[in-house]
Amino acid sequence: MNVLVFGLGPIGIEILRNAYQLNPHSVIGAVDIDPNKVGKDIGELSGEADSGIKVADNVQDVEKRKDSQPVAIHATGSNLKLVWPQIKELLDNGYSVVSTCEQLSYPWHAYPELAQEIDEYAKSKNLTVIGTGINPGFIMDTMAVCFSTVLTSVKKITVIRNVDVAKRRIPLQKKVGIGMSEEEFLSLAKQDKIGHVGLEESVRLIAYALNWKLTDVNNTIEPTIAKDQVHTPLTPLNTGDVSGLHQVSRGRTAEGFEIHLDLTMSAGIEQKDEIILEGNTTQRIVVPEGIFGDTSTAAMAINTAKRIDAIRQPGLLTMADIGLPRFTYQPS
């Protein structure tokens with residue numbers, strides 16, 4: 001597999017490091033616009049020996065190999081409209097794309113016209129585009145869908161994820177409102193300018209995979225408030241400061257089937273991931289310390305890139321389209 005890493009922020013560097021450690025010969029290049037990274041050896045950035053491959057500031061300067069189809073792992077942003085020109089450029093240069101853009105995990109509802117454009121453009125190039133990661137991409141959607149395989153009927157899916165953001169990267173701490181006043185958080189929430197991106201996409205991805213037709217989706221967000229002093233890499237928190245967020249997305253069908261995704265990302269909380277399926281029986285999975293997002297997102301991106309290289313299915317795909325075993329609802 002020939003891998004290009006596009007975007008070398010914290011997640012991109014983690015992807016580069018993991019891909020390089022897995023197989024140095026699989027990494028054909030990296031692209032970033034940061035002048036402090038352009039021209040540096042990718043081995044240096046990944047903490048390994050020099051590779052002879054330098055970070056480029058544009059995709060045209062990366063030399064592709066001829067022995068296999070190249071895949072670009074794209075990690076630059078959450079907003080699909082903003083990153084689509086980057087993805088399009090990668091397609092124009094012959095790369096299938098695995099992206100950590102949260103809105104790309106299931107864009108067919110929020111951006112139906114853009115999703116159609118991406119799908120048709122990728123097919124015209126005989127290439128693949130898919131969005132993935134840990135959340136969205138795995139723990140709150142794909143894993144729940146896979147878990148449905150052990151039931152013969154499913155009526156309700158509940159996923160609870162608690163993340164201690166004090167242990168995560170600073171951009172994520174800013175994203176969830178660490179250190180803000182409650183008033184500032186609520187003001188930004190009303191403007192849809194704060195919060196985790198991708199929770200509703202996870203609801204809709206689950207529904208798509210199970211062949212459920214959602215009649216409504218309801219989203220809520222509120223701040224979590226520090227009850228004691230908490231230290232975070234971003235800023236010390238005093239009692240009363242915003243320590244993160246609690247975000248919920250609920251989907252329902254006309255038959256009464258439900259999807260309930262409950263996400264808390266807050267400094268100092270006990271981490272865990274929990275999936276509960278209710279149907280012909282009730283099944284529950286708990287990951288006591290939770291799945292750490294940054295390193296696991298890198299693994300998801302790399303492993304999905306392997307799958308994309310293997311299936312060679314052109315167009316805009318989701319994690320439910322790449323050979324995942326799952327329960328599928330069949331209406332009577």
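Residues numbered from 1 in each chain as written. Predicted model: local features only at pLDDT ≥ 70, side-chain atom pairs only at ≥ 80, totals over all residues. Heavy atoms only, no water.

*Asks:* Sorry, what's going on with the pattern of salt bridges here?
*Replies:* Side-chain pairs of opposite charge can arise where the charged atoms are in close proximity. According to the stated counting rule, one finds twelve salt bridges in the structure shown. Notably, a salt bridge pairs Lys 125 with Asp 92, separated by 3.5 Å at the nearest N-O pair. With a gap of 33 residues between them, Lys 125 in the loop between helix 4 (112–124) and strand 5 (128–131) and Asp 92 in helix 3 (residues 80–92) connect regions that are remote in the sequence. Classification of Lys 125 as partly exposed rests on a relative accessible area of 35%. With a relative accessible area of 40%, Asp 92 lands in the partly exposed category. One salt bridge in this structure joins Asp 119 and Lys 123, with 3.2 Å as the shortest N-O distance. A residue pair is termed a helical-turn pair when its members lie 3 or 4 positions apart in one helix, as Asp 119 and Lys 123 do in helix 4 at four residues. For Lys 123, a relative accessible area of 47% puts it in the partly exposed group. Residues joined by salt bridges that share partners form a network here, namely Lys 156, Arg 252 and Glu 258. (Salt bridge = Lys/Arg side-chain N within 4 Å of Asp/Glu carboxyl O. Helix = DSSP H or I, 4+ residues; strand = E, 2+ residues; numbered from the N terminus. Buried < 20%, exposed > 50% of the residue type's maximum accessible area, 1.4 Å probe, protein only.)

*Asks:* In this structure, what is going on with the sheet that holds strand 10 (residues 242–253)? I would like to understand it.
*Replies:* Spatially, 7-10-11-6-12-13 is the arrangement adopted by the six strands of the open sheet, whose pairing is mixed. Unpaired on one side and paired on the other, strand 7 (214–225) and strand 13 (282–287) mark the two borders of the sheet. Averaged over neighbouring strand pairs, the angle between their axes works out to 5° when direction is ignored. Of the pairings in the sheet, the one linking strand 10 to strand 11 (residues 258–266) comprises nine bridges and is antiparallel in character. Residue Gly 251 lies in a different strand from strand 11, and its bridge partner there is Ile 259. Contacts from helix 8 (residues 199–210) reach strand 6 (154–164), strand 7, strand 10 and strand 11 within the one sheet, and its direction differs from that of strand 11 by about 150°. (Pairing = 2+ DSSP bridges. Axes fitted to C-alpha atoms, helices over the stretch in contact; angles between N-to-C directions. Contact = heavy atoms within 4.5 Å.)

*Asks:* What should I look at first to understand the pairing of strand 10 in this one?
*Replies:* Each regular strand shows side chains that alternate between the opposite faces of the sheet. The buried fraction of strand 10 is high, at nine of twelve residues. Note: strand 7 against strand 10, eleven bridges, orientation antiparallel. Pairing of Asn 218 across the sheet is with Arg 250, part of strand 10. Hairpin connection from strand 10 to strand 11: four residues lie between these consecutive antiparallel strands, with Gly 256 at a positive phi of about 95°.

*Asks:* How do you make sense of the packing of helix 1 (residues 10–22) against helix 9 (residues 293–311) when you look at a structure like this?
*Replies:* The geometry of a pair of packed helices is captured by two quantities: the angle between their axes and the separation between those axes. Orientation of helix 1 relative to helix 9, taken along the N-to-C sense of each, is 55°, at an axis distance of 9 Å. Judged by the angle between their axes, helix 1 and helix 9 are oblique. The hand of the helix 1/helix 9 crossing is right-handed. Side by side, helix 1 and helix 9 meet where Ile 11, Glu 14, Ile 15, Asn 18, Ala 19 and Leu 22 of the first sit next to Asp 294, Thr 295, Thr 297, Ala 298, Ala 301, Ile 302 and Lys 306 of the second. Looking at side-chain class alone, the contact of helix 1 with helix 9 contains seven nonpolar, three polar and three charged residues. (Parallel < 35°, antiparallel > 145°, perpendicular 65-115°, else oblique. Left-handed = near helix turned anticlockwise from the far one by under 90°. Nonpolar A, V, L, I, M, F, W, Y, C, P; charged D, E, K, R; others polar.)

*Asks:* Can you help me understand the sheet that holds strand 14 (residues 315–317) in this one?
*Replies:* Strands pair in a sheet through their backbones, by hydrogen bonds, and they do so in one of two ways: parallel or antiparallel. Ordered in space as 2-1-3-4-5-14, the six strands form an open sheet in which the pairing is parallel. At either margin of the open sheet sits one strand with a lone partner, and together these are strand 2 (27–31) and strand 14. For this sheet the average axis-to-axis angle between neighbouring strands, irrespective of direction, equals 20°. With respect to the sheet, helix 3 is in contact with strand 1 (2–6), strand 3 (70–74), strand 4 (96–99) and strand 5, its orientation differing from that of strand 3 by roughly 165°.

*Asks:* It is not clear to me how empty space enclosed by the protein should be interpreted in this structure. Could you clarify?
*Replies:* Rolled over the atoms, a probe with the dimensions of a water molecule shows which regions are left empty. Counted according to the given criterion, the structure contains one cavity of 30 Å³ or more. As for the largest cavity, its lining consists of Arg 161, Asn 162, Val 163, Arg 168, Gln 271, Asp 273, Glu 289, Gly 290, Ile 291, Phe 292 and Gly 293. The element best represented in the lining of the largest cavity is strand 6, accounting for three residues. Among the residues making up the lining of the largest cavity, the classes are represented as three nonpolar, four polar and four charged. (1 Å grid on protein atoms, 1.4 Å probe; cavity = no way out; pocket = protein on both sides within 12 Å on 5 of 7 lines; lining within 4 Å. Points joined across faces, edges and corners; volume = space filled by probe spheres on them.)

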